[in-house]
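Results of the structural survey
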Amino acid sequence: MATEAAPMDEKAKRMRDLLSSFYTPDPSISTPTSSISTSFDNINGPSFDADQYMDLMIKKSNLDVLLQRHVQMAAEIKNLDTDLQMLVYENYNKFISATDTIKRMKSNIFGMEGNMDQLLHKIMSVQSRSDGVNTSLFEKREHIEKLHRTRNLLRKVQFIYDLPARLQKCIKSEAYGDAVRFYTGAMPILKVYGDTSFKDCRRASEEAIETIIKNLQTKLFSDSESIQARAEAAVLLKQLDVPVDSLKDKLLEKLEQSLDGLQINPDEASKLAEHNVSSKDEESNNQGPAKIHEDAVRGFSEAMRAYREIFPDSEERLFKLARALTTTHFENMELYIRKRVSAADFLGIFRIIWEDVVLMDEVLPEAALSDLSAEAAQVTLKQFVARTFSHLQQDISDTLLKFDINQKEVVDGEVLKVVLEASGKAVLQGTTDIFQEFRQLLDENTGIFVKMNDLLIGWIQKGFQDFFRSLESHFLVLSGKTSSSNETEGLVEGKSSEKIHAGLILVLAQLSVVIEQKVIPRIAEEITASFSGGNSQAFIPGELCRVFHAASEKLLQHYIDTRTQKISNVLRKRFKTPNWVKHKEPREVHMYVDMLLQQLEEVGKEVKQILPQGTFRKHKRSDSNGSNTTTSSRSTTLHSDKMARSNSQRARSQLFETHLAKLFKQKVEIFTKVEFTQESVVTTTVKLCLKSLQEYVRLQTFNRSGFQQIQLDIQFLKAPLKETVEDEAAIDFLLDEVIVAASERCLDVTPLEPPILDKLIQAKLAKSKEHNNNNNKTTVSS
Amino acid sequence: MQGGSSGIGYGLKYQARCISDVKADTDHTSFLTGTLSLKEENEVHLLRLSSGGSELVCEGLFSHPNEIWDLASCPFDQRIFSTVFSTGESFGAAIWQIPEPYGQSNSSTLECVASLDAHVGKINCVLWCPSGKSDKLISMDEQNLVLWSLDSSKKSAEVVSKESAGMRHSLSGGAWNPHDVNSVAATSESSIQFWDLRTMKNVNSIDRAHVRNVDYNTKREHILVTADDESGIHIWDLRKAKVPVQELPGHTHWTWAVRCNPEYEELILSVGTDSAVNLWFASASSDNQASERSAEASRQRVNPLLNSYTDYEDSVYGLAWSSREPWIFASLSYDGRVVIESVKPFLPRR
């Protein structure tokens, strides 16, 4: 098929080419491709040479081919002839139809000219008639027009004559708007003819207008009128060409003055806040001060809106006013929170302010009030957080100091315990409450708060961190541990360290433990529970725990220090005063022992109130014993030498035994770490006192009697001390040390005979018993 | 505890309280120490650290008539020293000279240069003028301050001036200002008093009760270190003496003595009745950092305690830095044991 179709196509193509070459004068343009390929053998080309083609054909082809070619060519020629005939026929047809058409046109046009002439004639006659009507009516029309003009003029004159009366009527009915409209309408005429024809009229109307202006001005400045009415009056005045600027100034001044009334008085703020809160419950009673305030602010913003419309150029001042109101709001708020304010009240006020700001912002969006108030709110909120914390600290220190008035009672009663419990509660409860308050702040969804939520969380965390840190340093200041070097704290100024009661220090120490173990973990828990999303980690409980742990240890140590210092003073006086070298024979136990025991008793009482009881613990012997790595050439026979030389009196050998015992006794660890137990603190205090006693003894030189006095005193101390102290071995050791020290510093060591010692001690005991009884009696009788 | 192994020990026969660096001996690191025995024959030991620094050798042993409560070596003559002694009933002070070829005989007698016998009460201490060449001395009893002029060649000491501090102020010790030879600090019952030696007047005082010991920082002017019984060590800047510049916790029991290192201004040694010697690092003594200090201190509450030497059997009373090798110090516990330690591992890096 394809092979068959190809020659068919070729044939048709050639036909088309032939035809087109016939119609187009330049064949090279119409069929450029074929002309290029033309050669001698192309029968369609212009350069076709029949002879040459013939030659080529004869040379190349055999007979069959030639014959075939011949037949083919004959057919082609025939075809061409028929095509040619067809074309000629078609052309002729077209020609004939064209001639027919032209003939028809010629016959149609003929006869149109007559109609046209008729039309022209008719139009001419219409025109001449209308001209006639026009001229006949002209005079009448002119007359009518004249009459009309006169009537208008007369009406105007009438209006002007009526003007004063009309204005008076308007004044009566207070329709100032109409009056002004009339007057301004008549104005041009009055201006032109006012001096001549309408003199009286003008004067009368001007008088009327003056009263109108006066009335309008009074209206403008009267507070009883509504703001809209006043604004209208202002508009009218402006229309009357009354100088508006001065009016504007006056008005704005008035507005400024009205600001004072809008301020939230810090004193009344709480009332306002209360009502704001309570008004939720009792919607019916809307006439609370909060409502009044809201109305006032609404009025104010309405006025601003009106003024803004009346005086477009007054925007700046209005901005200033609005900003001033906002700032005074926040300033007052700051004043307000200077006092103790609950978060609810704070929020109440804040809401009111925010509403005000929103109201004003609606009127003056360009004043950027929300930005301004956002900034101010941040400052205020931050301050509020800080203040809340400082109030809490003040609370705690108040609780601590409240009880510390009568020192006598402190020791005897349970006052310290009460103080500790109260202050512990104050800290725990206070921090929890504060946290709750902040939760309220966070839950608040007034626009401004939502924005500040993240900031607020940061502040709260930082607030807690700072609070605990400052609480710690405050504790140290209270305890007198940190000297007044940082007097900015200034809370306990003038309280010298001696005046600070030791019990308070103990309370502080234990309180620090409470804070470390209870309060901080709790706050940490709450913070993580509440601000799980918070990314700022300003609150570091671990660090605070460490701080308070250190503080508690420091304070406990300080307590012991203050206590031992007191005892040290007793001892110092005891040893400085007498001349020990010329001491008289001991007759009784010296009274300083009583003082010493009394002091220790006080310690015991205080400690019992505050600290937990420890598990009884055997004293640990020093394991560092024998680590004597220094090469010592000392002869260990010092004491034995000395003692060997002394005579063999019974008493002396007794002393010798103490010495020997000391040599063989292991070194007792005197200074162990203090623990937070009653026993540990008492023991440490006693140990330190005995050590001091030993050191004081070492600084003196004794005669025989002096030594005996010391011996007696120490002997007496033995029993009561052992009762109070858990670590008997150490006490024994230290008491012995005192005796040894005294014997070393004694010119003539002759200890008291045990019977005498016993007798004197018994006497003392009896005496103190009697004294106690007497005391009891007096207390009973009284 | 860790410092214990480096210690070099030496035992005195009796109990002792005082030890002094022999500053004038520039060839050796030497210390003088004296015993405190009420009933026995007291001795003064001249100790010398062997050149290797591994041994403490007794270079001289001299008998001293009475128990020694205070001992100070003359800053310009290594053979001269002063003692305060007690017979048990009365006190005395004297200047001694070590006999010429010392170290030959085991217990040669000391030559008494001068007796400072202007006192009646309990004498506390004798101070040598720290300037080096000056022959001025101060002796102090509980009420009086006496300035002496010593002529060692003539073997005499004359009272230059004497002033009573008053009955109320019971003086207990003092230190001569190394930056100002006219100023002496004296500790009393209720305050630290500063005396001007030209006028012999108490010109200034810091109210601080029960200060047991005081020492000037030799490197930094105006810095003074005090030790209290109960409340530890305080560092003062004399220009603003209201409050201490820094507080150090001191010792578990009393802090008996403090000494500033003669070379490394931050190092302070203290000894206490808790049988320990503590080495402190107190950077606060530098005054140009004082402003930064408060902020810095709060930021880094570094433990200022560099080391605690606890290898003692009894209270430590005697303490002296070596001026020749300033990283070496001698300490003396009441049981008569001298221990020499080196603080080299703790020296501040420069």
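Bear in mind that the values here come from a model prediction, so they are computed numbers and not experimental data.

1. Section: the overall build of chain A
Across its full length, chain A carries 27 helices and zero strands. Each of the 782 residues in chain A was classed as buried or not, and the buried ones make up 40%. Looking at chain A alone, contacts between residues at least 24 apart form 80% of all its contacts between residues at least 6 apart. Entry remark: accessible area of chain A is about 45000 Å², with carbon and sulfur atoms responsible for 55%.

2. Concerning the confidence of the model for chain B
Residue and element names in this part refer to chain B. On average, residues of chain B score 83 in pLDDT, and 90% of them are at 70 or above. Every residue in residues 285-300 scores below 50 in pLDDT, and together they form 14 contacts with partners more than four places removed in sequence or on other chains. Prediction confidence for the complex, expressed as pTM and ipTM, is 0.67 and 0.88 respectively.

3. What to know about the side chain of A:R698
Counting through the fold element by element, A:R698 comes out in helix 24 (residues 678-698). Setting aside anything within four residues of it in sequence, one finds A:R698 in contact with A:E737, A:A741, A:R745, B:R17, B:W69, B:D314, B:S315, B:Y317 and B:Y334.

4. A closer look at the nonpolar core
All names here are of chain A. Grouped together as the largest cluster of nonpolar side chains are 172 residues, with contacts concentrated most on L400, F464, F468, F475 and I515. Of all the elements, helix 19 (residues 502-530) adds the most residues to this core, at 15 residues. Not counting the four nearest positions on each side in its chain, L400 is found in contact with V419, S423, F475, L478, L504, V507, L508 and L511. Formed by 25 residues, the second largest nonpolar core is a distinct cluster that contains L190, F198, I212 and L216.

5. Digging into the sheet that holds strand 14 (residues 156-164) of chain B
Residues and elements named next belong to chain B. On the basis of which strands lie adjacent, the open sheet formed by four strands has the order 11-12-13-14 and antiparallel pairing. With partners counted over all chains shown, the strands left at the sheet margins are strand 11 (123-128) and strand 14, one partner each. Neighbour-to-neighbour, the strand axes of the sheet open up by a mean angle of 20°, direction not taken into account. The pairing of strand 13 (residues 144-151) with strand 14 spans eight bridges and is antiparallel. Opposite L145, over in strand 14, you have E163 as the bridge partner.

6. A closer look at the packing of aromatic side chains
According to the stated counting rule, one finds 19 aromatic pairs over all chains in the structure shown. Here the aromatic rings of A:F468 and A:F548 are separated by 6.1 Å at their centres, their planes lie at 90°, and the arrangement is edge-to-face. Linking A:F468 in helix 18 (residues 447-479) with A:F548 in helix 20 (residues 541-576), this pair joins segments that are 80 residues apart in sequence. Relative to B:F329, the ring of B:W321 has its centre 5.9 Å away and its plane inclined at 70°; by these criteria the two rings are edge-to-face. Across the pair, B:F329 and B:W321 agree in class, each one buried. Linked through ring pairs, A:F389, A:F435, A:F464, A:F467, A:F468, A:F475 and A:F548 together constitute an aromatic cluster. Its guanidinium or amino end placed over the ring of B:Y317, B:R17 lies 4.1 Å from that ring's centre, counting from NZ or CZ. Stacked on the ring of B:W256, the Lys or Arg B:R212 has its end atom at 4.5 Å from the ring centre.

7. Observations concerning the pairing of strand 11 of chain B
All names here are of chain B. Strand 11 sits mainly inside the fold: six of its six residues count as buried. Two strands pair when backbone bridges link them, and strand 11 and strand 12 (residues 136-141) are joined in this way by five bridges, in the antiparallel orientation. Paired with V126 across the strands is S139, a residue of strand 12.

8. Here we look at the confidence of the model for chain A
Residues and elements named next belong to chain A. Averaged over chain A, the pLDDT score is 73; the fraction of residues at 70 or greater is 74%. Looking at the elements of chain A, mean pLDDT is at its lowest for helix 22 (residues 638-645), recorded as 39, and at its highest for helix 5 (residues 63-109), recorded as 88. Scored below 50 in pLDDT, residues 1-6 makes zero contacts in the model with residues more than four places away or belonging to other chains. Contacts from residues 484-498, a stretch scored under 50 in pLDDT, to residues over four places away or in other chains number 14 contacts.

9. What about the packing of helix 24 of chain A against helix 26 (residues 728-744) of chain A?
Residue and element names in this part refer to chain A. The interhelical angle for the contact between helix 24 and helix 26, taken along N-to-C directions, is 10°, at an axis separation of 8 Å. With respect to helix 26, the axis of helix 24 lies roughly parallel. Here V686, K687, L690, L693, Q694, V697 and R698 of helix 24 come into contact with helix 26, specifically with A730, I731, L734, L735, E737, V738, A741 and A742. When its residues are assigned to classes, the contact of helix 24 with helix 26 shows 11 nonpolar, one polar and three charged.

10. Examining the sheet that holds strand 28 (residues 328-333) of chain B
Residues and elements named next belong to chain B. Taken together, the four strands give an open sheet; going across it, the order is 1-29-28-27, and neighbouring strands pair in antiparallel fashion. Every other strand in the sheet has two partners, leaving strand 1 (8-11) and strand 27 (316-321) as the edge strands with one partner each. When the angles between neighbouring strand axes are averaged without regard to direction, this sheet yields 20°. Pairing between strand 1 and strand 29 (residues 337-342): four bridges, direction antiparallel. Note that in strand 29 the partner of G9 across the bridge is V339.

11. Concerning helix 25 (residues 704-724) of chain A
Between its terminal C-alpha atoms helix 25 of chain A stretches 31 Å, which fits the 30 Å expected from 21 residues at 1.5 Å a residue. Along its length, helix 25 of chain A shows its largest kink, about 35°, at A:K718, and proline A:P720 lies within four residues downstream of that point.

The rules behind these values
Residues numbered from 1 in each chain as written. Chains lettered and ligands numbered in written order. Predicted model: local features only at pLDDT ≥ 70, side-chain atom pairs only at ≥ 80, totals over all residues. Heavy atoms only, no water. Helix = DSSP H or I, 4+ residues; strand = E, 2+ residues; numbered from the N terminus. Buried < 20%, exposed > 50% of the residue type's maximum accessible area, 1.4 Å probe, protein only. Contact = heavy atoms within 4.5 Å. Areas by Shrake-Rupley, 256 points an atom, 1.4 Å probe, with all protein chains shown as cover. pLDDT = per-residue confidence, 0-100. Core = buried A, V, L, I, M, F, W, Y, C linked by side-chain atoms within 4.5 Å. Pairing = 2+ DSSP bridges. Axes fitted to C-alpha atoms, helices over the stretch in contact; angles between N-to-C directions. Phe/Tyr/Trp six-rings, centres within 6.5 Å; stacked < 30°, edge-to-face > 60°. Lys NZ or Arg CZ within 6 Å of the ring centre and 35° of its normal. Parallel < 35°, antiparallel > 145°, perpendicular 65-115°, else oblique. Nonpolar A, V, L, I, M, F, W, Y, C, P; charged D, E, K, R; others polar. Expected span 1.5 Å × (residues − 1). Bend = angle between axes of the 7 residues up to and from the residue.

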